[in-house]
Amino acid sequence: MNTVYLEKEYDYVKPKTLAEALEILETKKNVKIFAGGTDLIVKLKIGSPIEMDTMLDINGIEELKKVTSDKEGITIGAAEKISVLEKNEDIINRFPALYEAFISMASISLRNMATLIGNLCNASPGADTAGPVICYGGSLLIKNHAGERRIKAEDFFAEGGKTVLEPNEIVTSVNIPAPAENTGAAFIKLSRVKADLAKISVSVVLTRENNLVGSCRIAMGSVAGKPLFLKEIGDGLVGKTLTKELIIETAEKISKAIKPRDGGNRTTAAYRIETSKIISRDALEQAWERSGGKLS
Amino acid sequence: MSLHEITLKVNGKTHKLVVKSNELLLNVLRDRLYLTGTKYGCGLAECGACTILNGDRSIMSCLVPAVVADGWEITTSEGLADGDKLSPVQEEFINQGAIQCGFCTPGMVVTSTALLRENPDPDEDFIRNYLRGNYCRCTGYAAMIKAVQVAAQRMKEEKNE
Amino acid sequence: MIKKENQSVIGENTPRSDGFAKVTGKLEYPSDIHIPGMLYAAVLRSPYPHAEILSIDTSEAEAMGAVCLTYKDIKPIIYNERSVSVPSQTYRDRTILPNKARHVGEPIAAVAAETEELAFKAVKALKVEYKILEAVFDPEEAMKDGAPQLYDTIYLGDEAVKVHNNIGVIRNINEGDCDAGFAQADRIFERDFELGRIYHAQLETKNAVCKPEPDGTLTVWATAQSIHGTRQMLARALNMPLSKINVKKMPFGGAFGSSIQVNTVIPICAALALKARKPVKLGSSREEDFYSHNKYPAKFHVKIGVTNDGIFTAAHVKALIDFGAHQVQPLPLLGCMAGWFASLYKYSGNIRFDGTAVYTNKTPCCAMQGYGNPQINFAIESMVDIIAEEMNFSPVDLRLKNYRGIGDEFWGQGPTIRSIIKSCGVEESLVEGRKVFKYDEKIEPSKKTGVKRRGIGLARGFHCSGTGGPKEGEVIDYSSAMIKINEDGSVDLCTPVTDHGGGTLDALRKIVSETLKVPYDLVGLSPADTMNTGYDVCTHATRGVYCGGGAVLNVARKVKEMLLEVAGRLMDEHACDLELVLDEEAHQGRVQVPGYPQKSMTIGQIAKQAQNNSWGTISYIDSYRQKNCPPCFTTHFVEVEVDTETGIITVPRVLIYGDCGVAMNPDLVKGQLTGSFNRGFAYTVYEKLITDEKTGALKIKGLISDYKLPSTTEMPYVGNMQVELCHTYEPTGPYGAKGIGEAALASVQAAVANAVYNAIGIRFYKLPITPEVVLAALKEKEGASHS
């Protein structure tokens, strides 16, 4: 561990085009992407085992900075900074749970450096943006020199801080489809202090059809080896009327479904289980109210 | 290891440097440009003592390889004053008693400057959130929040004049 | 000329003199010192908690061009890095580099190289052969027969002393007759309390730069609260004359007690510089700094006897301190803890303190804002609330009935340093505070409802202002100052007192300004070092203004005498017929004849004429010891809000009273009270350092990202933090001033814990009270009430 200076030696490249970047990923081994560096440099400093011979800085690639909004949804480029995204009117209006996740992260200075795709690719089980992106039905566009593939956010993560990315692949953008009418979303996070990683977090995106749940997606952070998409529990609410009782029942179900571990120095498994009930309840209530529903 | 020729504009002055790919911006500022106002407090961007501005945005320089900062327009605490004339933020930090040991002060003042550039009329919640990544062990923060509020007020009045 | 009667900068808020340098990033701290040609050093630290060092192979590191330092390079002089206590009361167990590692992170060897990068590489190239020994981390385990022994022999003063069962110090103190006192009590209360290790987390890590000068002297720039303490320790450990070591006074990025002692980076850096014959810089990374020093943890068993009238009849505290691998110094710590305990209340004069301090294979502990005071205060002030509730007294009235105030004896630094209290803001703070905070209207916890529950709590505390006293004791305490009047009426003040940020040096300038009637901005601060100043023990024990300022006042008065004598000669008047006033218009001090003010000279004119007459410089240097250690008091009223579903504690409202006598810099005093609230809240609710018993390393491994501290968003809103200064005047203090620094922390912990009790009806005896702890306790209480 050395927080004073970087001990690792590597080559640094900053391609000007995506094609160049994909070529590098194809031909070189042990390439790591530098977007904001807030995870990569920290990991290098604390001595996490990182195989890196080349650092590929994507901040010179214009097309990766693009953010386009239309009635289909929003597409966010890999190199756009979180602090810019959190001021994006479309995100604030149409994707409030993602906005709330953004502003919960660290501090403004770190958000001036960090990127959404970086947060997703770092794949911490507690990644703040993972839950909202999953619950909004987001997908990641992954490219390599030969072609591209699109992966649903909930299929992107693997256990233990890994993703399905191959070494020669890069995520170029995240696409989040426009929410249906009467969508309500919520993001709640517990942490030691505000500028902190999550002890536990929950995201809920649901739609309301009259007074019935049309669709419901629930995800939790920091309770498993990867961001946890609680598909069955969310699906189980479809077609029902959300009442306070049902919400509490669902929250109870969630707390029994998760098997968190002690969070090292941050928190305990018992705390996570206990508070999962509270924040799930609150998130479901909030999402329902924001969808225009009334709670009985 | 690769070497890179970079250009850093720091406090209005242009520097051409050759840096190693793993040299950090914080260390370049401190050890090669002798701008020691920006501090090492933790090396992990937790404390904010290394905060500088790139343009109008506050950045934690301890996590930035210098080569990444090629072309940046950097302002450090040494560059906020206009000669001997301190900025309103700097003056109010002094006036409101918001300085004790002073080690966090450069980072705080830089971040506060970015705050007021982004939002010239911040409420207390905005200030609290903006400064939450700058750690001070001495003051308990209250006087700093006041300093930013008073500076904001002064800058609004100066603008109206 | 205009004479202003009550012109005084004392008590006025003035812009701090180092403000410009601090906001422009231009102030040089020890970590900023750069000397052309200097080498960079790095330290090899033990990865094991307990291991003999069989050999260190430096050949590879030397081949890289590094200068290496191991225990073989240095005479094994055994010292104690904290030179505050008299030598006969100082245990010694340290060498600059050891041949046995006694804690993870202990410096074992060091290198210096041309670049920092090379130094880090060279450190990695050092090959150490360790013989790993069994380690012990728990103090109770450490005292058992058969436990691994850290030491065989250490020194107390000049005597060799055998260490048994890892016990470093036993200190038992008795006053009055506790048995009789307890016999007289109607009720007896006994409880156990525990506070864990925490870390100072000062923002600048420990740093030193040492330069061997061409004249054979060594110049040192370092994070040090005592330049003379540093010089004395280096001279001893390096076997050099004091006259050859010059430690420069520097600002530093916080200390909170962690630089009272000479931290390991300093002698290692000095030894490397002498070996390399080049300037050497040795910094610390944050992860290294975590292993440099921690705050003393404590386990207390407290017993207090009370009559039905609410009088404390006796009190007995048993304390167990685990102080880590070196003594820094638990002997005076135990004495001080006894004193803080004894001085809170009268206890009918019957107190007993049994203190045991134990070696363990962990980072050495040192003072942290209170030297045991916050720890024992948490226990006693919690007890007072417990007693109040059980016996149906108001916690305010119970305190008013029993506190030590004016006329009572106060133990300023353990049993050998005591003086009579002559100023006291306790009554004012309790009587006013209970009204302002509506304390008496607080609702008992059982009546609270809702998910978020609010509670209010109160605690009072104090600290000494320095360690002076009528009789010399086991603690050295005096300060020196030099003042000279310049030929234009400006004044130079040279003082070895360091300023941690509280504005101490500006306070000292104000004392000079007031005494010599020189405009404040004309009082200059000279650069100070150990060659050009007399001794000052250390800026610790909240003595900067009271003791450091006391010395400055003493010297200023002498300079005033000399000035009037010179003026008298020039003006053909007796010195005793002259008066000294501040002339605002001329922006000078002025000596004039009362009744005939037209006959006058400015101080500048006097000094200039003295020069022209070749009479000499008007100046004086002297040392001075205060004969009192007046307590500065604090009272905290805290409102907390506990979320019973998440266990999260927040603080919506705080009212703080500080009694510092006359406040030299009121805004800075309030700043200290505010900052200390932040630190105390962190101590109570957030901070802990746990050792992994398998590896001996900290569980957080020195990562600051796992040592989260409350920031802007965790503090009450500015409008809800009320800080008041009591209206007191300390007759023995410079212009009525006492200190405030450490008092500001003492009572925060208990006030928060008492408030939490009022909110949820659960009392916590162990810190920190994290949300996990709170939630578990709430669940347990719920479970218990259902069964």
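Presented here is a report on the structure given in the accompanying data block.

The rules behind these values
Residue numbering note: each chain is counted from 1, following its sequence as written. The naming scheme follows written order: chains are lettered A onward, ligands numbered 1 onward. Under the rules for a predicted model, residues below a pLDDT of 70 receive no local features and side-chain atom pairs below 80 are neither given nor counted, while totals for whole chains, interfaces and linings still include all residues. Side-chain descriptors were evaluated using all non-hydrogen atoms of the structure, hydrogens and water having been removed beforehand. In DSSP terms, a helix is any run of H or I states spanning at least four residues, a strand is any run of E spanning at least two, and both are numbered starting from the N terminus. Here the radius of gyration uses the C-alpha set of atoms, whereas the globule reference equals 2.2 Å times the residue count to the power 0.38. Only protein chains enter the accessibility calculation, which uses a 1.4 Å probe. A residue is then buried if its area is under 20% of the maximum for its type, exposed if over 50%, and partly exposed in between. In what follows, a contact means two residues having at least one pair of non-hydrogen atoms within 4.5 Å. Throughout, the Shrake-Rupley method with a 1.4 Å probe supplies accessible areas, and for residues the shown protein chains are the sole cover considered. In this charge count, Lys and Arg are treated as positive and Asp and Glu as negative; neither His nor the chain ends contribute. Here the site of a charge means atom NZ of a Lys, CZ of an Arg, CG of an Asp or CD of a Glu. Take the buried Ala, Val, Leu, Ile, Met, Phe, Trp, Tyr and Cys residues and link them wherever side-chain atoms come within 4.5 Å; each set so joined is a nonpolar core. An automatic or database domain assignment supplies the residue ranges for each domain. Accessible area that two parts lose when put together, with a 1.4 Å probe and added across both, is what the buried area reports. When a carboxyl oxygen of Asp or Glu lies within 4 Å of a side-chain nitrogen of Lys or Arg, that pair is called a salt bridge. Polar contact criterion, stated in full: a pair of N or O atoms within 3.5 Å, where within protein one must be able to donate a hydrogen and the other to accept it, and residues adjacent in sequence count only if both atoms are side-chain atoms. By this definition, two strands are paired if DSSP reports at least two bridges between them.

### Describing the overall build of chain B
Across its full length, chain B holds five helices and five strands. Taken from the N to the C terminus, the helices and strands of chain B come in the order β-β-α-β-β-β-α-α-α-α. Computed over C-alpha atoms, the radius of gyration of chain B comes to 16 Å, within 12% of the 15 Å expected from 2.2 N^0.38 for 161 residues, which places it in the range of a compact globule. Dimensions along the principal axes, computed over C-alpha positions, put chain B at roughly 50 × 35 × 25 Å. A total of 161 residues make up chain B; the buried ones form 68% of that total. The contacts of chain B with a sequence gap of at least 6 include a subset with a gap of at least 24, amounting to 53%.

### Brief notes about the overall build of chain C
The secondary structure content of chain C amounts to 19 helices and 34 strands. Since a compact globule built from 787 residues should have a radius of gyration of about 28 Å, the 27 Å found for chain C is in line with a globular shape. Along the three orthogonal principal directions, the C-alpha set of chain C runs to about 90 × 75 × 50 Å. The buried share of chain C, taken over its 787 residues, is 67%. Considering only contacts in chain C between residues 6 or more positions apart, those separated by 24 or more positions represent 81%. Counting only carbon and sulfur atoms, one obtains 49% of the accessible surface of chain C, whose full area is about 26100 Å². Of the side-chain charges in chain C, 85 are positive and 93 negative, and the distance between the mean point of each set is 1 Å.

### Some details on the nonpolar core
Counting residues in each nonpolar core, the largest one holds 187 residues, and the members touching the most others are B:Phe93, C:Phe300, C:Ile380 and C:Phe677. The element best represented in this core is helix α9 (residues 330-344) of chain C, accounting for ten residues. Counting residues domain by domain, this core receives three or more from each of domain 1 (3-79) and domain 2 (88-160) of chain B. Dropping the residues within four chain positions of it, C:Ile380 is found in contact with C:Val302, C:Val317, C:Phe341, C:Leu344, C:Tyr345 and C:Tyr347.

### Remarks on the interface of chain B and chain C
Counting residues at the interface gives 48 residues for chain B, matched by 55 residues for chain C. Summed over both partners, the interface of chain B with chain C comes to about 4300 Å²; 57% of that surface belongs to carbon and sulfur atoms. Contact with chain C buries surface across chain B, with B:Gln100, B:Arg128 and B:Arg137 losing the most and accounting together for 19% of the total. Across the salt bridge formed by C:Lys708 and B:Glu46, the nearest N and O atoms sit 2.6 Å from each other. Taken together, the connections running from chain B to chain C amount to 31 residue pairs in polar contact (both at pLDDT 80 or more).

### Thoughts on the pairing of strand β2 (residues 13-20) of chain B
Along any regular strand the residues' side chains alternate between the sheet's two faces. Residue and element names in this part refer to chain B. Summarising the sheet, strand β1 (residues 3-10) and β2 pair through eight bridges and their orientation is antiparallel. Across the sheet, the residue bridging to Leu8 is His15, located in β2. As consecutive antiparallel partners, β1 and β2 are separated by two residues, and within that stretch Asn11 has a phi angle of approximately 50°, a positive value.

### A few points about the pairing of strand β24 (residues 479-485) of chain C
Residue and element names in this part refer to chain C. Taken across its seven residues, β24 has six buried, putting it largely inside the fold. By the bridge criterion, six bridges tie β24 to strand β30 (residues 619-624) in an arrangement that is antiparallel. In the strand pairing of β30, Ser479 is matched with Tyr624. Pairing of β24 with strand β25 (residues 491-494), which is carried by four bridges, proceeds in the antiparallel orientation. Bridge pairing in β25 links Lys484 to Asp492. In this antiparallel pair of consecutive strands, β24 and β25, the connection spans five residues, and Gly489 shows a positive phi of 90°.

Honestly, it's all geometry; don't read function into it.
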